[in-house]
Amino acid sequence: MRVSGTFTNPNFFAVFLVFALSVITLSGVMKIYKKYLYLLLTFALVFLTGSRTGMIGAFAIFIYVFIINLRYSSWKSLIESFLLFCSVFILSITLFDNLSRVYRTINSFTESGLSGIASLSVKYEYGLKLLTMVNDLSPIIGLGAGKGFGNYLGDSQLVSIIFSYGYLGLFIYSLFWTLFIYKTYKIREYRQLSIYLILFFIFGFVGDFFFMTQIATTLLLFYGALISFKQKEIKKL
């Protein structure tokens, strides 16, 4: 059983939860016990989704925050990070069954490489066919977003964009995320979110996440708030 919350797919829910982890870790006004309670709850939900993408993203955020604490924080923060690390480790053991998909994926990759991972193999096969079609017919502006082409576009954000809007569309999409990441990274308090945005762009290779209304709305609202506030005002939030 994989949990999907209010989302239509467990992977969508997991990617949203990784964003939530980013927001919780940078919160400077939340009480410590609440902060770590929310972190553990969010980690638990990521495990319950069974999403390999979500688990990789969650651990990437966690490791980044841990490294930042090692470099800049006090002993108190380091102890808190260590306790959180131990809690997540215990949580992962408790929810071992939900991690079984990850272990099977690692074994398949060890034995047969990327071709041994069934979902990636299918995405690669469909994606290659669609990209070949675009390259033959309309590589610059793509084949349009009409429903007649079907909804399953290789289950990849980047393939979907190239198919519908061509390589010009991919360039504009990439430029948008580059500016988004740059603006976020410039604000030290928000750098955890810039790491998430980089991960989100990478997630686009294996999932059509940005066209999910709940995720896109959340990210675009955050981007609007980010460019509306001055840096001094952001620090007060």
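Parameters and conventions
Residues numbered from 1 in each chain as written. Predicted model: local features only at pLDDT ≥ 70, side-chain atom pairs only at ≥ 80, totals over all residues. Heavy atoms only, no water. Helix = DSSP H or I, 4+ residues; strand = E, 2+ residues; numbered from the N terminus. Buried < 20%, exposed > 50% of the residue type's maximum accessible area, 1.4 Å probe, protein only. Contact = heavy atoms within 4.5 Å. Areas by Shrake-Rupley, 256 points an atom, 1.4 Å probe, with all protein chains shown as cover. Polar contact = N/O pair within 3.5 Å; in protein donor to acceptor, adjacent residues only side chain to side chain. Expected span 1.5 Å × (residues − 1). Arc of directions from axis to C-beta. Phe/Tyr/Trp six-rings, centres within 6.5 Å; stacked < 30°, edge-to-face > 60°. pLDDT = per-residue confidence, 0-100. Core = buried A, V, L, I, M, F, W, Y, C linked by side-chain atoms within 4.5 Å. Patch = residues over 30% accessible without salt bridge, like charges linked within 9 Å, V, L, I, M, F, W, Y side chains within 5 Å. Salt bridge = Lys/Arg side-chain N within 4 Å of Asp/Glu carboxyl O. Axes fitted to C-alpha atoms, helices over the stretch in contact; angles between N-to-C directions. Parallel < 35°, antiparallel > 145°, perpendicular 65-115°, else oblique. Left-handed = near helix turned anticlockwise from the far one by under 90°. Nonpolar A, V, L, I, M, F, W, Y, C, P; charged D, E, K, R; others polar.

A.B. asks: Please clarify how the overall build of the chain should be interpreted in this entry.
C.D. replies: For the chain, the helix and strand inventory stands at 10 helices and zero strands. Listing each helix as α and each strand as β along the chain from the N terminus yields α-α-α-α-α-α-α-α-α-α. Counting the 237 residues in the chain, one finds 41% classified as buried. When contacts within the chain are restricted to residue pairs at least 6 apart in sequence, long-range pairs at least 24 apart make up 66% of them. When the accessible surface of the chain is totalled, it reaches about 13700 Å², and 68% of it is carbon and sulfur.

A.B. asks: Teacher, can you tell me more about the side chain of Thr49 here?
C.D. replies: Along the chain, Thr49 turns up in helix 2 (residues 32–49). On the basis of relative accessible area, Thr49 is assigned to the buried category, the value being 0%. Engagement of the side chain of Thr49 in a polar contact is seen with the backbone nitrogen of Ser51, the distance being 3.2 Å. The residues touching Thr49, leaving out its near neighbours within four places in the chain, are Arg2, Val3, Pro10, Phe13, Ala14 and Leu17.

A.B. asks: When you look at the environment of Thr213 in this model, what are you seeing that I'm missing?
C.D. replies: Relative to the assigned elements, Thr213 resides in helix 9 (residues 213–228). Placed 206 residues apart in sequence, Thr213 and Phe7 show a C-alpha to C-alpha distance of 9.7 Å.

A.B. asks: For this particular structure, what's the right way to read helix 9?
C.D. replies: An α-helix turns once per 3.6 residues; consequently, residues spaced three or four apart project the same way. With 16 residues, helix 9 should cover 22 Å at 1.5 Å per step; its first-to-last C-alpha distance of 22 Å lies within 8% of that length. Every buried residue of helix 9 is listed here: Ile215, Ala216, Leu219, Phe222, Tyr223 and Leu226. Viewed along the axis of helix 9, the buried residues span an arc of 135°, placing them on a single side of the element. Helix 9 presents Thr213, Leu221 and Ser228 as exposed residues on the side facing more than 90 degrees away from its buried surface.

A.B. asks: How do you make sense of the packing of aromatic side chains when you look at a structure like this?
C.D. replies: The geometry of an aromatic ring pair is captured by two quantities: the separation of the ring centres and the angle between the planes. Inspection of the entire model under this criterion finds 23 aromatic pairs. One aromatic cluster is present, built from ring pairs that chain together Phe19, Tyr173, Phe176, Trp177, Phe180, Tyr196, Phe200, Phe201, Phe210, Phe222 and Tyr223.

A.B. asks: Even after reading the chapter, I still don't get the confidence of the model for the chain, so can you show me in this structure?
C.D. replies: For residues with low pLDDT, the predicted coordinates do not support detailed interpretation. Averaged over every residue, the pLDDT of the chain is 77; residues scoring 70 or more account for 68%. When the elements of the chain are averaged for pLDDT, helix 10 (residues 231–236) gives the smallest value, 56, and helix 7 (residues 157–186) the largest, 89.

A.B. asks: Any chance you could explain the nonpolar core here in plain terms?
C.D. replies: Generally speaking, soluble globular proteins have nonpolar side chains that are buried together. The biggest cluster of nonpolar side chains holds 51 residues, and the ones touching the most others in it are Trp177, Tyr196, Phe200, Ile215 and Leu219. Of all the elements in the fold, those that place two or more residues in this core are helix 1 (10–25), helix 2, helix 3 (52–72), helix 6 (118–137), helix 7, helix 8 (191–203) and helix 9. Ignoring any residue separated from it by four or fewer positions in sequence, one finds Leu219 in contact with Phe19, Trp177, Phe180, Tyr196, Leu197 and Phe200.

A.B. asks: Would you take a moment to explain a nonpolar patch on the surface for this structure?
C.D. replies: On the surface, Ile140, Ile141, Leu168, Phe171, Ile172, Leu175 and Leu179 cluster together into a nonpolar patch covering about 700 Å² of accessible area. Note that Leu175 resides in helix 7. On the basis of relative accessible area, Leu175 is assigned to the partly exposed category, the value being 42%.

A.B. asks: Quick question: what am I supposed to make of the packing of helix 1 against helix 8 here?
C.D. replies: If you want to describe how two helices pack, look at the angle between their axes and the distance between the axes. The contact between helix 1 and helix 8 brings their axes to 9 Å, and the two run at 165°. Viewed along their axes, helix 1 and helix 8 adopt a mutual orientation that is roughly antiparallel. Regarding helix 1 and helix 8, the two cross each other, and that crossing is right-handed. On helix 8, the residues touching Val15, Val18, Phe19, Ser22, Val23 and Thr25 of helix 1 are Gln192, Leu193, Tyr196, Phe200 and Phe203.

A.B. asks: Would you mind going over the packing of helix 8 against helix 9 with me for this structure?
C.D. replies: Orientation of helix 8 relative to helix 9, taken along the N-to-C sense of each, is 140°, at an axis distance of 13 Å. Between helix 8 and helix 9, the interaxial angle falls into the category oblique. Pair helix 8 / helix 9 crosses with left-handed handedness. Contacts between helix 8 and helix 9 involve Leu193, Tyr196, Leu197 and Phe200 from the first element and Ile215, Leu219 and Phe222 from the second. Looking at side-chain class alone, the contact of helix 8 with helix 9 contains seven nonpolar, no polar and no charged residues.

A.B. asks: What exactly am I supposed to notice about the side chain of Ser156 here?
C.D. replies: Within the element layout of this structure, Ser156 appears in the loop between helix 6 and helix 7. The class for Ser156 is buried, based on a relative accessible area of 4%. In terms of polar contacts, Ser156 uses its side chain to reach the backbone carbonyl oxygen of Phe205, at 3.2 Å. Ignoring any residue separated from it by four or fewer positions in sequence, one finds Ser156 in contact with Gly204, Phe205, Gly207 and Asp208.

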